[in-house]
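Tertiary structure, described
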Protein chains: 2
Amino acid sequence: MFTRKGQLTRDRIVAEAAALMFERGVAGTSTEDVQSAAGVSASQIYHYFGDKRSLTRAVIEFQTDAILGFQEPLLARLDDLDALRSWADVIADLQRTNGYHGGCPLGSLASELAETDAAAREALAQGYRRWQHAIRDGLQAMKDRRELRPDADVDVLATTLLTTVQGGLLLAKTLRDGEPLQTALHAVIDHVGSFATDRQPAEGSATSRR
Amino acid sequence: MFTRKGQLTRDRIVAEAAALMFERGVAGTSTEDVQSAAGVSASQIYHYFGDKRSLTRAVIEFQTDAILGFQEPLLARLDDLDALRSWADVIADLQRTNGYHGGCPLGSLASELAETDAAAREALAQGYRRWQHAIRDGLQAMKDRRELRPDADVDVLATTLLTTVQGGLLLAKTLRDGEPLQTALHAVIDHVGSFATDRQPAEGSATSRR
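Residues numbered from 1 in each chain as written. Chains lettered and ligands numbered in written order. Predicted model: local features only at pLDDT ≥ 70, side-chain atom pairs only at ≥ 80, totals over all residues. Heavy atoms only, no water.

As recorded in an unreviewed UniProt entry, chain A goes by the name Transcriptional regulator, listed as coming from Mycolicibacterium madagascariense.

1. Some remarks on the pattern of salt bridges
Residues and elements named next belong to chain B. Spelled out, the test is: Salt bridges are counted wherever a side-chain nitrogen of Lys or Arg sits within 4 Å of a carboxyl oxygen of Asp or Glu. Every helix listed is a DSSP run of H or I at least four residues long, and every strand listed is a run of E at least two residues long, numbered separately from the N terminus. Buried residues are those whose accessible area, probed at 1.4 Å on protein chains only, stays under 20% of the maximum for their type, while exposed residues exceed 50% and partly exposed ones sit between those limits.
Tallied over the entire structure, the rule returns 22 salt bridges over all chains. Between Asp-190 and Arg-85 there is a salt bridge, with the nearest N and O atoms lying 2.7 Å from each other. Residue Asp-190 is found in helix H9 (residues 179-193), and its partner Arg-85 is found in helix H5 (residues 81-97); the two are separated by 105 residues along the sequence. Asp-190 gets classed as partly exposed once you look at its relative accessible area, which sits at 40%. A salt bridge links Asp-93 to Arg-96; the shortest N-O distance between them is 2.7 Å. In this pair, Asp-93 and Arg-96 both sit in helix H5, three residues apart, roughly one turn of the helix.

2. Looking at the packing of aromatic side chains
All names here are of chain A. Rule in force here: When two rings of Phe, Tyr or Trp (its six-membered ring) have centres within 6.5 Å they constitute a pair, described as stacked for plane angles under 30 degrees, edge-to-face for angles over 60, and tilted for the intermediate range.
Across all of its chains, the model carries two aromatic pairs over all chains by this definition. Taken together, a centroid distance of 4.9 Å and an interplanar angle of 65° make the contact between Phe-2 and Tyr-48 edge-to-face. Residue Phe-2 is located in the segment before helix H1 (4-24), and its partner Tyr-48 is located in helix H3 (residues 42-49); the two are separated by 46 residues in the primary sequence. Relative accessible area serves as the criterion here: at 32%, Phe-2 is assigned to the partly exposed category.

3. A word on the interface of chain A and chain B
Note the cut-off: What makes two residues a contact is simply this: any of their non-hydrogen atoms within 4.5 Å. Here the quantity called buried area is the total loss of accessible area, with a 1.4 Å probe, experienced by two parts when brought into contact, counted for both. Under this definition, polar contacts are N or O atom pairs within 3.5 Å; protein pairs additionally need one hydrogen-donor-capable and one acceptor-capable atom, and for neighbouring residues in sequence, both atoms have to be side-chain atoms.
Tallying the contact residues gives 37 residues for chain A and 36 residues for chain B. Together chain A and chain B conceal approximately 3,100 Å² of surface at their shared face, both sides included; 67% is due to carbon and sulfur atoms. Across the pair B:Arg176 and A:Glu115 runs a salt bridge whose closest N-O atoms are separated by 3.1 Å. Linking chain A with chain B are 10 residue pairs in polar contact (both at pLDDT 80 or more), by the criterion used here. Those elements that place two or more of their residues in the side of chain A that touches chain B are helix H6 (105-113), helix H7 (118-144), helix H8 (154-175) and helix H9 (179-193) of chain A. In terms of residue count, H8(A) provides more of the side of chain A that touches chain B than any other element does, 14 residues in total.

4. Topic: the nonpolar core
As a reminder, the rule being used: To form a nonpolar core, buried Ala, Val, Leu, Ile, Met, Phe, Trp, Tyr and Cys residues must be joined to one another through side-chain atoms within 4.5 Å.
Within the largest apolar cluster, 119 residues are counted, with the highest numbers of intra-cluster contacts made by A:Leu139 and B:Leu139. Those residues in contact with A:Leu139 that sit more than four places away from it in its chain are A:Leu78, A:Leu84, A:Leu148, A:Val154, A:Leu157, A:Ala158, A:Leu161 and A:Val192.

5. Digging into the domain arrangement of chain A
All names here are of chain A. Defined as follows: Each domain's extent is set by a domain assignment, obtained either automatically or from a database.
Domain annotation for chain A reports domain 1 (1-50) and domain 2 (52-209). Just the C-alpha atoms count here: the centres of domain 1 and domain 2 sit 28 Å apart. Contact residues are listed per partner, giving 15 residues for domain 1 and 16 residues for domain 2. Taking both partners together, domain 1 and domain 2 bury about 1,300 Å²; carbon and sulfur atoms supply 75% of that area. The three residues of domain 1 that bury the most area against domain 2 are Phe-22, Val-26 and Phe-49, which together make up 44% of that side's buried surface. Run the count over domain 1 and domain 2 and you get zero salt bridges. The tally of links from domain 1 across to domain 2 stands at five residue pairs in polar contact (both at pLDDT 80 or more). If you list the elements that add at least two residues to the side of domain 1 that touches domain 2, you get H1 and helix H2 (31-38). The element best represented in the side of domain 1 that touches domain 2 is H1, accounting for eight residues.

What follows is the structure, encoded as structure tokens:
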């Protein structure tokens, strides 16, 4: 347990490390870089994290929370396919804003660390599972309201959407172009749409219908 | 231009560098590692490639050729959705054989290099374009035989398939599990199937029908 001030220092170190690792990769980010960005000493990093691997795992959790923090509210409010398209557009817009740099904060860490750091790989796998569940829960809510047919396998559809997001974000940063991300996500949402019933969402907000 | 013997030496260096970079990443592979694996001197590497960046670009071309070398024959022979499923299964089987290690040789390089090496990024983008075209040409042949409806946008479908392969291969290496790759590819092939006509492929091989 850390004091309140200690917790703030720890959070600042993680946020700065996350930004550096997103920009330069984990291998390209030294603990000296993190010290200097966060304005802390080597012994403070050691105090809060022990070593770089443990700091990297904290960055993975930070990035997972960040991704789900902005997506979960959108996913919890899926009322129809348009809401799913809005979720896709938010992801694509964020890439456009970044100039198609950096790709997915989680995917870039996964690609770099999966073969070299077993604990990081497990943390990243956990991050992907949380993300898949958030998407699935949104689709399940649509299914519970009978906006998706009973034969819609929300697990399969959520996995397909997550897979498409990951591939699309990798292609976006490689091509410096969001078109494949946009195109593929909308094609997969069309596929989700093939399971839609004729049931129109009721008037009013999604929340009022729960 | 190199002599025949020179060409063989050059090819051996690229193949060894590709294997090391696939296993350890580009940053984790020194030119000394490549020298020792290929049994060549530093001056030979310099003679053929100049520097590591130029060697890395040769590795990107090598990996693109390898990927398309085993996929193009399958894609050129797409006669129906089952043939597309076989293509997907070949990709998934290869991952299983690898113990879900390494992911996509092109995708892993793309994730590592897109932000740090502009020439590599362009070479990787070119590799992705070639791959998308190979998939699209297979789908276009199906469409020309009226096995896909006129409103099937083969460019969109090819981009969606490539995006799904890339996301699925990243998830496979992170989760050490091929299920998302398999699930997502088959879901996208179902989507392609929604554009299929009732026209059954004729008897005999695809070639005989051209």
